[in-house]
Amino acid sequence: YEQAADTTQEFVHVLCGSVLSAASVSSSMHRMPVKVVRAVCQSGECIVGVAVQEEWIAGLRYSLDRLVASSGDCGASLELQQAARRAVERQLAQGATTWRSWPDLHATLVATAVVPNSAAALKLCEGLWSRFLREGQMKLDDTGCAAPLETPLVGQGWYVPRRKSKSEERREKAEKKQELLRARAEKRQAAQDAAGAKR
């Protein structure tokens, strides 16, 4: 213990100041464990910020680069969300893609003019990437690229139904309600016809 060094040296990635505020547009920031650190730069300057893991750097750097090149906006419209989702579905229908992460997806949609180069489009593409993986519509193949997930046959013991979206659940609920009302109306009409026949 007496021979142990008083201090240890460790190289970490730290976000601070306006960079930390700008990076918060990425939902990745909300999933990262927050670890506030006080670091001393090689120049001797002391800074306080949030330590960032190595695997998050590429996505955050991409987000910051796109934010610098884009103007402010108020969020992705419903039409933009639908257009982006359809574009991803069309690409997956053609087979494997070259997307290794959501920044690759965003770059493709921007290059094909599906979405603008904006902060809202960044969040939209990141959300689509997570949703398609979570809902089982996409997987990462052996090369690490996004590819369509083949739906297994029902009854094989490992089939997991695709998670329905909220809009699909609302639509099915409304359809079931209409069927129930229609059945009640038919039953009521049949009872009235039967009563009229007895008279």
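Because the structure is a prediction, the values reported are computed rather than measured.

The rules behind the values
Residues numbered from 1 in each chain as written. Predicted model: local features only at pLDDT ≥ 70, side-chain atom pairs only at ≥ 80, totals over all residues. Heavy atoms only, no water. Helix = DSSP H or I, 4+ residues; strand = E, 2+ residues; numbered from the N terminus. Buried < 20%, exposed > 50% of the residue type's maximum accessible area, 1.4 Å probe, protein only. Contact = heavy atoms within 4.5 Å. Areas by Shrake-Rupley, 256 points an atom, 1.4 Å probe, with all protein chains shown as cover. pLDDT = per-residue confidence, 0-100. Salt bridge = Lys/Arg side-chain N within 4 Å of Asp/Glu carboxyl O. Expected span 1.5 Å × (residues − 1). Patch = residues over 30% accessible without salt bridge, like charges linked within 9 Å, V, L, I, M, F, W, Y side chains within 5 Å. Pairing = 2+ DSSP bridges.

Peer 1: Describe the overall build of the protein chain, naming the residues involved and giving the relevant values.
Peer 2: When helices and strands are counted, the protein chain shows 7 helices and 5 strands. From first element to last, N terminus to C terminus, the protein chain shows the α and β order β-α-α-β-β-α-α-α-α-β-β-α. Counting over 199 residues, the protein chain shows a buried share of 27%. Taking as baseline every contact in the protein chain between residues at least 6 positions apart, the subset at least 24 positions apart corresponds to 60%. On the protein chain, roughly 14,500 Å² of surface is accessible, and the fraction owed to carbon and sulfur atoms is 52%.

Peer 1: Any chance you could break down the confidence of the model for the protein chain for me, citing the residues and the numbers?
Peer 2: Predicted confidence across the protein chain gives a mean pLDDT of 76, with 74% of residues reaching 70 or more. Of all helices and strands in the protein chain, the one with the weakest mean pLDDT is helix H2 (residues 28-31) (57), whereas helix H5 (residues 102-111) scores best (88). Note that residues 152-159 has pLDDT below 50 and, in this model, 5 contacts with residues that lie over four places away or in other chains.

Peer 1: Explain the pattern of salt bridges to me, using residue names and the numbers behind them.
Peer 2: Within the structure shown, the criterion is met by 1 salt bridge. We note a salt bridge from Glu89 to Arg85, for which the minimum N-O separation is 3.5 Å. One end of the pair is Glu89 and the other is Arg85, both in helix H4 (residues 78-93) and 4 residues apart, which spans about a single turn.

Peer 1: So what's going on with helix H6 (residues 119-134)? Residues and values would help.
Peer 2: Its 16 residues place the ends of H6 23 Å apart at the C-alpha level, agreeing with the 22 Å of an ideal helix rising 1.5 Å per residue. Looking at H6, one finds that the buried residues are Ala119, Ala120, Ala121, Leu122, Leu124, Cys125, Glu126, Leu128, Trp129 and Phe132. Phi for Gly136, located one or two positions after H6, is positive at around 75°.

Peer 1: Report on unusual backbone geometry, specifying residues and quantitative values.
Peer 2: In the Ramachandran plot, Ala113 falls in the positive-phi region, its phi being about 60° despite a non-glycine side chain. Inspection of the secondary structure puts Ala113 in the loop between H5 and H6.

Peer 1: Talk me through a nonpolar patch on the surface; I want residue IDs and the actual numbers.
Peer 2: A cluster of nonpolar side chains, contributed by Val34, Val36 and Val48, occupies part of the molecular surface with about 310 Å² of accessible area. Counting through the fold element by element, Val48 comes out in strand E3 (residues 46-52). According to the relative accessible area criterion, Val48 is exposed, its value standing at 54%.

Peer 1: Residue-level account of the pairing of E3, with values.
Peer 2: Counting buried positions along E3 gives 5 out of 7 residues, so the element sits mostly inside the fold. Sheet topology places strand E1 (residues 13-15) next to E3; 3 bridges connect them, and they run antiparallel. Paired with His13 across the two strands is Val52, which belongs to E3. Here strand E2 (residues 36-40) folds back onto E3, and the loop between the two strands holds 5 residues, one of which, Gly44, carries a positive phi near 100°.

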